[in-house]
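Report on the structure
The chain contents come next:
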Amino acid sequence: MTQAIELTEVWKFYGDYAALRDCTLAIQEGSCCALLGRNGAGKTTLLRILAGLTYFQRGAVSLFGEKPRADNARRQLGFLGHGIGVYEDLSARENLHFFASIAGSSNLRSLTDTWLERVGLARVATMPVRQFSRGMRQRLALARTFIHSPRILLLDEPFTSLDDRAIAMLSELLSEARQRGATIVLSTHQLREALAIASHVALVENGRLRYTGERTQEMLDDPALLYRLHTELSPPQ
Amino acid sequence: MNLLQQSLAVARKDLAIELRTKESLNAAASFAIVILLIFSFAFDSFADEMNEFGGGLLWLVFAFAGALVFNRGFARELPNECLDTLLAAPLSAAALIIGKALANFATLLVVELVSMIVFGIFYGVDWLAQAGGLGVVFALVTWGVSILGAVFGALTVNLRLRELMLPVIIYPLMIPLLIAAIELTDTVLQHQPVSGQMQWVRVLVASDIVFTVLAWVLADTILVN
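As the structure is a prediction and not an experimental result, all values here were calculated from the model. (Residues numbered from 1 in each chain as written. Chains lettered and ligands numbered in written order. Predicted model: local features only at pLDDT ≥ 70, side-chain atom pairs only at ≥ 80, totals over all residues.)

Assigned secondary structure in chain B consists of eight helices and zero strands. Taking 17 Å as the expected radius of gyration for a compact globule of 225 residues, we find that chain B reaches 18 Å, a close match to that expectation. Across its three principal directions, the C-alpha atoms of chain B cover 55 × 35 × 30 Å. The buried share among the 225 residues of chain B stands at 50%. Counting only contacts in chain B whose residues sit at least 6 apart along the sequence, the fraction spanning at least 24 positions is 86%. (Helix = DSSP H or I, 4+ residues; strand = E, 2+ residues; numbered from the N terminus. Rg over C-alpha atoms; globule rule 2.2 N^0.38 Å. Buried ≥ 20, exposed ≤ 12 C-beta atoms within 10 Å, placed from the backbone. Contact = placed C-beta atoms within 7 Å.)

Following this line, the structure appears as structure tokens:
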């Protein structure tokens, strides 16, 4: 199988502080890797490096053999960070139209309509996003992330503060993405949800990858097992 | 999507937001009008010399009003982390900066048009007869300051004092553009041929090209990290 994502001995410093230390990770195409770890462990930094949002000082990173800032790499990328990444003063339709157009998608009108319908925002398609509820914004953000059918999905704590409907929608979208062969990397604190979806697990602690490997049945049965075996910290409650 | 199409998509999006909120347009236009009115009280605004220093007055106003427009350009991308979303999207960084410059350009041209109407009324300058010549000069200068504003707007977007830092950084860099703009505007307002001032036209064209190419080449470095 092709390696979709490869990090080799990556170091990232903020001033003197090493946010990532000698991280090496290979993620196969079509797999779903859950990045686990506590706040400040380096999960977001790792995802930002993969998304080409921040440079690193040492090592090498490639997405399908390309550097993260290469046009070809970003064409295949869907990124959902901590912010929802949509414009408050545009309508849901305008937001989706804009993001689909810069991704080079065709049939923008029908694609936008399909996604508005899919995330349950068709009736409020022309309403400015600033009038949306939190749940509606989250669903719009999901549509924005998935609209161009990216081959790599980088999701930073995607389950955090989602309502039930958005969680169900995200799970469905992730499942579909896996079926079409997309590679998914998601960082999360929510062990159970992440382990249920993931095929692989990477545990980050103090900027180091403490464990990388396949997700096992034991991890599903006892989500805190990873922490007990591979970190010096007590397992999360 | 090529660079031009992507730039136009960014510009259209920014202008759609601007038309809806009118944040920078209202601020910049009202600032320009107030300054022009204050100067009209301070000086004998109907004096014959107005054609001689009208260019200086106008470009001083446009430069200050421009800073208000440029500050909003990238600040608009901060809520909801839209800037990160754009940088991770298949959108070239150059297209993002050029798109922002196009939106700046259009907004600033509207501010300039409104200001010129006020200038014509309160200073008794009949500039409509020279509208064509002024239009070319304004377009050349406005593109130069717009691309500068977009580049340095991107550089200062994450600074706490960006409203202060942006003008402090861009005004010194605008000097060649502003000198050329003042000279050419005065020439046109005095009904003299621009052919005698071609060195300033060359300065404008060269500045526009240099700033645009630098923005294009350095966009990724400017925006990432």
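Below, the discussion takes up the overall build of chain A. Helix and strand content of chain A: nine helices and nine strands. Relative to a compact globule of 237 residues, whose C-alpha radius of gyration would be 18 Å, chain A shows 18 Å and is just as compact. Of the contacts made within chain A by residues no fewer than 6 positions apart, 67% connect residues no fewer than 24 positions apart.

With that settled, the discussion passes to the sheet that holds strand 2 (residues 17-28) of chain A. Residues and elements named next belong to chain A. Taken in spatial order, the three strands of this open sheet run 2-1-4, and their pairing is antiparallel. At either end of the open sheet lies a strand with only one pairing partner, and these are strand 2 and strand 4 (58-63). Going from strand to strand, the sheet's axes swing by 20° on average, the running direction of each strand aside. (Pairing = 2+ DSSP bridges. Axes fitted to C-alpha atoms, helices over the stretch in contact; angles between N-to-C directions.)

Once that is clear, we can look at the interface of chain B and chain A. At the interface, 23 residues of chain B touch 28 residues of chain A. Taken together, the elements giving at least two residues each to the side of chain B that touches chain A come down to helix 1 (3-21) and helix 4 (82-88) of chain B. At seven residues, the largest contribution of residues to the side of chain B that touches chain A is made by helix 1 of chain B. Tallied by class, residues from the side of chain B that touches chain A come to twelve nonpolar, six polar and five charged. (Nonpolar A, V, L, I, M, F, W, Y, C, P; charged D, E, K, R; others polar.)

Ranked by size, the top nonpolar core spans 151 residues in total, and within it L50(A), L140(A), L154(A), V185(A) and I97(B) carry the most contacts. By residue number, the principal contributor to this core is helix 5 (residues 93-123) of chain B, which donates 15 residues. Counting contributing residues per domain, this core is built from domain 1 (1-76 + 161-171 + 184-231) and domain 2 (77-149) of chain A, each supplying no fewer than three. Apart from residues no more than four positions distant in its own chain, L154(A) is found in contact with L47(A), L50(A), A51(A), L77(A), F79(A) and V185(A). (Core = buried A, V, L, I, M, F, W, Y, C linked by C-beta atoms within 7 Å. Domains from an automatic or database assignment.)

Let's shift gears to the packing of helix 7 (residues 162-189) of chain B against helix 8 (residues 198-223) of chain B. All names here are of chain B. Helix 8 packs onto helix 7 with a crossing angle of 145° between their chain directions and a minimal axis gap of 9 Å. In the crossing of helix 7 with helix 8, the sense of the turn from one axis to the other is left-handed. Of helix 8, the residues touching helix 7 (which contributes P176, L177, A180, E183 and L184) are W200, V201, V203, L204 and S207. Counted by class, the contact of helix 7 with helix 8 contains eight nonpolar, one polar and one charged residues. (Left-handed = near helix turned anticlockwise from the far one by under 90°.)

Glancing now at the confidence of the model for chain A. The predicted coordinates of low-pLDDT regions are not to be read in fine detail. Residues of chain A with pLDDT of at least 70 account for 96%, and the chain-wide mean is 90. Taken element by element, the predicted model of chain A shows its lowest mean pLDDT in helix 9 (residues 225-230) of chain A (74) and its highest in helix 3 (residues 92-102) of chain A (96). (pLDDT = per-residue confidence, 0-100.)

Glancing now at the sheet that holds strand 9 (residues 208-214) of chain A. Residue and element names in this part refer to chain A. Here we have six strands laid out as an open sheet, ordered 5-6-7-3-8-9, and mixed in their pairing. With one partner strand each, in any of the chains shown, strand 5 (77-80) and strand 9 form the two edges of the open sheet. Taking the axes of each pair of neighbouring strands and ignoring which way they run, one obtains an average angle of 15° across the sheet. One ladder, built from four bridges, connects strand 5 with strand 6 (residues 152-156); its direction is parallel. Looking at the pairing, F79 lines up with L154 of strand 6.

Our focus in this paragraph is unusual backbone geometry. For residues besides glycine, phi is generally negative; the peptide bonds are generally trans as well. In the Ramachandran plot, N206(A) falls in the positive-phi region, its phi being about 50° despite a non-glycine side chain. Position of N206(A) among the secondary structure elements: in the loop between strand 8 (200-205) and strand 9. You can call N206(A) partly exposed: it has 17 C-beta atoms within 10 Å. A positive phi is found at E81(B), a non-glycine position, where the angle reads about 55°. Within the secondary structure, E81(B) is located in the loop between helix 3 (50-75) and helix 4. For E81(B), a count of 21 C-beta atoms within 10 Å puts it in the buried group.

Residues and elements named next belong to chain A. On domain assignment, one finds that chain A holds domain 1 (1-76 + 161-171 + 184-231) and domain 2 (77-149). Here the C-alpha centroids of domain 1 and domain 2 sit 25 Å apart. Listed by partner, the interface residues are ten residues for domain 1 and seven residues for domain 2. For the side of domain 1 that touches domain 2, the secondary-structure elements that each account for two or more residues are helix 2 (71-75) and helix 6 (164-179). For the side of domain 1 that touches domain 2, the element with the highest residue contribution is helix 6, accounting for four residues. The residue makeup of the side of domain 1 that touches domain 2, split by class, is six nonpolar, one polar and three charged.

All names here are of chain B. For V188, the position within the fold is in helix 7. Judged by local crowding, V188 falls into the buried class, with 26 C-beta atoms found within 10 Å. Taking the C-alpha atoms as reference points, V188 and L78, separated by 110 residues in sequence, lie 41 Å from one another. Among residues more than four places away in sequence, those in contact with V188 are Q130, G133, L134, V137 and V194.

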